[in-house]
Amino acid sequence: QVQLVESGGGLVQPGGSLRLSCEPSGSIFSIYSMGWYRQAPGKQRELAAAITRDGSTHYADSVKGRFTISRDSAGNTVYLQMNSLKPEDTAVYYCNAGVVSGRNTYDYWGQGTQVTVSS
């Protein structure tokens, strides 16, 4: 079992910045990737950024060059630095952890944090 605690959402003006944090606990040794998904009203949840255990990163085209995903020195807490925010970035952001257990993989989710970009 993995638990994820998110923080850092809020209201910001267009062009502003926010940093989201996701701290995992529990069986963190079994995590092979972590990522941030987002879901805007009336839309499907989509991947914004992800980072694997070996440090490889992946970004949605819509956030490339503006968002940066990283981990702390212990390799546990994951951050999403969001710069040059746009109104279309408004969504609930969910932290995700991909976990390997034997031959199976599982997804764990945080509770979500609201990001609102508006003037």
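Residues numbered from 1 in each chain as written. Predicted model: local features only at pLDDT ≥ 70, side-chain atom pairs only at ≥ 80, totals over all residues. Heavy atoms only, no water.

**Student:** How do you make sense of the state of the cysteines when you look at a structure like this?
**Tutor:** Any covalent bond linking the sulfur atoms of two cysteines counts as a disulfide. Per the counting criterion, the structure on display carries one disulfide. The disulfide partner of C22 is C95, and the S-S distance across this bridge is 2.0 Å. Between C22 and C95 the sulfur-sulfur dihedral comes to about -85°; the bridge is accordingly left-handed. Here C95 lies in strand β9 (residues 91-101) and C22 lies in strand β3 (residues 18-26), a separation of 73 residues in the sequence. For the pair formed by C22 and C95, the shared burial category is buried. (Disulfide = S-S within 2.5 Å. Helix = DSSP H or I, 4+ residues; strand = E, 2+ residues; numbered from the N terminus. Buried < 20%, exposed > 50% of the residue type's maximum accessible area, 1.4 Å probe, protein only.)

**Student:** Hey, could you run me through the sheet that holds strand β7 (residues 67-71) in this one?
**Tutor:** Across a sheet, strands are paired by hydrogen bonds formed along the backbone, either parallel or antiparallel in direction. With respect to topology, four strands assemble into an open sheet ordered β1-β3-β8-β7, the strand pairing being antiparallel. Edge positions in the open sheet fall to β1 (2-7) and β7, since each of these has one partner strand only. Geometrically, the sheet is characterised by an average inter-axis angle of 15° between neighbouring strands, direction not taken into account. Pairing analysis gives five bridges linking β7 to strand β8 (residues 78-82), with the strands arranged antiparallel. The residue of β8 that forms the bridge with F67 is M82. (Pairing = 2+ DSSP bridges. Axes fitted to C-alpha atoms, helices over the stretch in contact; angles between N-to-C directions.)

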